[in-house]
Amino acid sequence: MLRLFAENSEGEVKELPNLNSLILDREEGVAGDLLTLSLEGAIFSELVSLTVFENSEEIFTGLIDEQNVVISERETTQLVARSLGALLIDNEAKPQSFHNPDMKLIFERYARPFGIEEFSGENKAYMGEFRVQKGMSCYKVLEEFCSALYGAYPRIEGRKLVLERPCEKITFSNRSGIPFVKLSLSKLRVKPVSQVRVKVKEDGDYDTVIKNPLAINRKIRRERYFNGAPSTGKSIRTVFEAIKRSNASDTLIKVISPVRLTHALGYQAEVFAEGNFHEEKLYVSSLRYSLSGNRQSTEIMLKKENNYVDNSIYE
């Protein structure tokens, strides 16, 4: 059973009763989670933050963006909230340059002031100049730094900045795993990038080529250009990560399960279905948990762990 607690603008924390419905969206590459819920009754006092528990497990904590009261034949209140990563998106970063900054410095400057208490992973250093441009959000700074240094996009889980995927694995099967009521498979040839032409010198041309054999061997042609000259402060590793993400988006499997799986973002996965269908080396790239009355379901989007890139550079 879910329990909801909200803090109002005067600092009072109260439990919210009479939940009608709830939708929780979580997605890789997005700073935080989005929660939309409907309550029976009108709540006029301004609500600031929201925490959701199931038993003792905290499944959401964040800030309320919208509070809508509707009065017709009955009174209802709708709340729209984002997890704490929203603060990193909403706040602009001070433009400045760093010389050989490490993760701890960037975290202390752009995450801790907004209530994020720690980060996972090794404290690595970025070699060279890292620039924070005018107009970048605090999350954008963290995104570019972590993508270049760790090859990963940061997420905010509770009050922690997470850099790596969890190591847990789930199996979808109506015989011996997590049950599902619907499965759909999509092959998207429009997603993979076949090669990227890179500029590596200030006065040079885009004559360095990074190829993606997984796309080329399937006769897919989608080329991109990337300016990696030193003055841009951009790492060529960004190109490899972009190609890997394009490969992962080539195969999408959507599974709808009657089980709450709000914790499963980033989990490794495999699927068994009727007709000898079996897909492995998948991971959970996004999920949507829905609750209405006594009915619940989780819509899971799975992508392939299809990350091979030719790391040699062809002139």
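Residues numbered from 1 in each chain as written. Predicted model: local features only at pLDDT ≥ 70, side-chain atom pairs only at ≥ 80, totals over all residues. Heavy atoms only, no water.

### Quick word on the side chain of asparagine 247
With respect to the helices, strands and loops of the structure, asparagine 247 is situated in helix α5 (residues 237–248). A residue is classified by how much of its surface remains accessible, and asparagine 247, at 2% relative accessible area, is buried. In terms of polar contacts, asparagine 247 uses its side chain to reach the side chain of asparagine 212, at 2.7 Å. (Helix = DSSP H or I, 4+ residues; strand = E, 2+ residues; numbered from the N terminus. Buried < 20%, exposed > 50% of the residue type's maximum accessible area, 1.4 Å probe, protein only. Polar contact = N/O pair within 3.5 Å; in protein donor to acceptor, adjacent residues only side chain to side chain.)

### Some details on the sheet that holds strand β9 (residues 118–119)
If you walk across this open sheet you meet the three strands as β9-β12-β11, and the pairing is mixed. With one partner strand each, in any of the chains shown, β9 and β11 (155–157) form the two edges of the open sheet. As judged from the three bridges shared by β11 and strand β12 (residues 160–162), these two strands associate in the antiparallel manner. Each bridged residue has a counterpart across the sheet, and for glutamate 157 the counterpart in β12 is lysine 160. (Pairing = 2+ DSSP bridges.)

### A few points about the layout of surface pockets
Approximately 990 Å³ is the volume attributed to the largest pocket. Elements supplying a minimum of two residues to the lining of the largest pocket: β6 (57–71), α3 (138–150), β11 and α5. In terms of residue class, the lining of the largest pocket is made up of 14 nonpolar, 11 polar and 15 charged. Reported here for the second largest pocket is a volume of approximately 560 Å³. Along the wall of the second largest pocket there are 28 residues; nearest its centre are Glu144, Ser147, Phe226, Lys234 and Thr238. Broken down by secondary-structure element, the contributors of at least two residues to the lining of the second largest pocket are β10 (129–132), α3, β17 (223–227) and α5. With six residues, α5 is the single largest residue contributor to the lining of the second largest pocket. (1 Å grid on protein atoms, 1.4 Å probe; cavity = no way out; pocket = protein on both sides within 12 Å on 5 of 7 lines; lining within 4 Å. Points joined across faces, edges and corners; volume = space filled by probe spheres on them. Nonpolar A, V, L, I, M, F, W, Y, C, P; charged D, E, K, R; others polar.)

### A closer look at the packing of helix α2 (residues 103–110) against α3
For the pair α2 and α3, interaxial distance at closest approach is 10 Å and the crossing angle is 170°. Considering the angle they form, α2 stands roughly antiparallel to α3. Contact with α2, carried on its side by Met103, Ile106 and Tyr110, involves Cys138, Val141, Leu142, Phe145, Cys146 and Tyr150 of α3 and no other residues of that element. Broken down by class, the residue content of the contact of α2 with α3 amounts to nine nonpolar, no polar and no charged. (Axes fitted to C-alpha atoms, helices over the stretch in contact; angles between N-to-C directions. Parallel < 35°, antiparallel > 145°, perpendicular 65-115°, else oblique. Contact = heavy atoms within 4.5 Å.)

### Some words on unusual backbone geometry
Trans peptide bonds make up the majority, and among non-glycine residues the majority have a negative phi. Its identity is not glycine, yet asparagine 55 carries a phi of approximately 55°, on the positive side. Structurally, the position occupied by asparagine 55 is in the loop between β5 (47–54) and β6. By relative accessible area, asparagine 55 is classed as exposed at 63%. Backbone geometry places lysine 219, a non-glycine residue, at a positive phi of 60°.

### Focus on α2
Residues of α2 that are buried include every one of Met103, Ile106, Phe107 and Tyr110, and no others. Looking straight down α2, one finds that the buried residues subtend no more than 100° of arc, so they occupy a single side. The secondary structure elements touched by the buried residues of α2 are α1 (85–90), β8 (96–99), β9, β10, α3 and β12. (Arc of directions from axis to C-beta.)

### Some details on the environment of serine 285
Tracing the backbone through its elements, the reader meets serine 285 in strand β20 (residues 277–292). Measuring from C-alpha to C-alpha, the distance between serine 285 and leucine 252 comes to 9.5 Å, with 33 residues separating the pair along the chain. Not counting residues up to four positions away in its chain, the partners in contact with serine 285 are Glu27, Glu28, Leu265, Met301 and Lys303.

### Section: the state of the cysteines
Inspection of every chain in the model, using the stated rule, returns zero disulfides. Just so you know, cysteine 138 is unpaired, no disulfide at all, and the nearest cysteine sulfur is the one on cysteine 146, 13 Å from it. (Disulfide = S-S within 2.5 Å.)

### Examining α3
The end-to-end C-alpha distance of α3 is 18 Å, a good match for the 18 Å that 13 residues give at a rise of 1.5 Å each. Burial runs high along α3: 11 of the 13 residues are buried. Against the buried residues of α3 lie α1, α2, β10, β12 and α5. Just downstream of α3, glycine 151 is the residue with a positive phi angle, here 65°. (Expected span 1.5 Å × (residues − 1).)

### Examining the packing of aromatic side chains
The tally for this structure, following the rule as stated, stands at seven aromatic pairs. Arranged with centres 5.2 Å apart and planes meeting at 85°, the rings of phenylalanine 130 and phenylalanine 145 form a pair that is edge-to-face. Taken together, the residues phenylalanine 130 in strand β10 and phenylalanine 145 in helix α3 connect sequence positions 15 residues apart. Plain terms: the ring middles of tyrosine 206 and tyrosine 225 are 5.5 Å apart, the flat faces sit at 85° to each other, and that makes the pair edge-to-face. Of this pair, tyrosine 206 sits in the loop between β15 (195–199) and β16 (208–211) while tyrosine 225 sits in strand β17; the two residues are 19 residues apart in sequence, bridging distant segments of the chain. For tyrosine 206, a relative accessible area of 27% corresponds to the partly exposed category. Its relative accessible area of 55% is what places tyrosine 225 among the exposed residues. Taken together, the ring pairs in this structure connect Tyr126, Phe130 and Phe145 into an aromatic cluster. (Phe/Tyr/Trp six-rings, centres within 6.5 Å; stacked < 30°, edge-to-face > 60°.)

Purely spatial values, then, with no claim about function.
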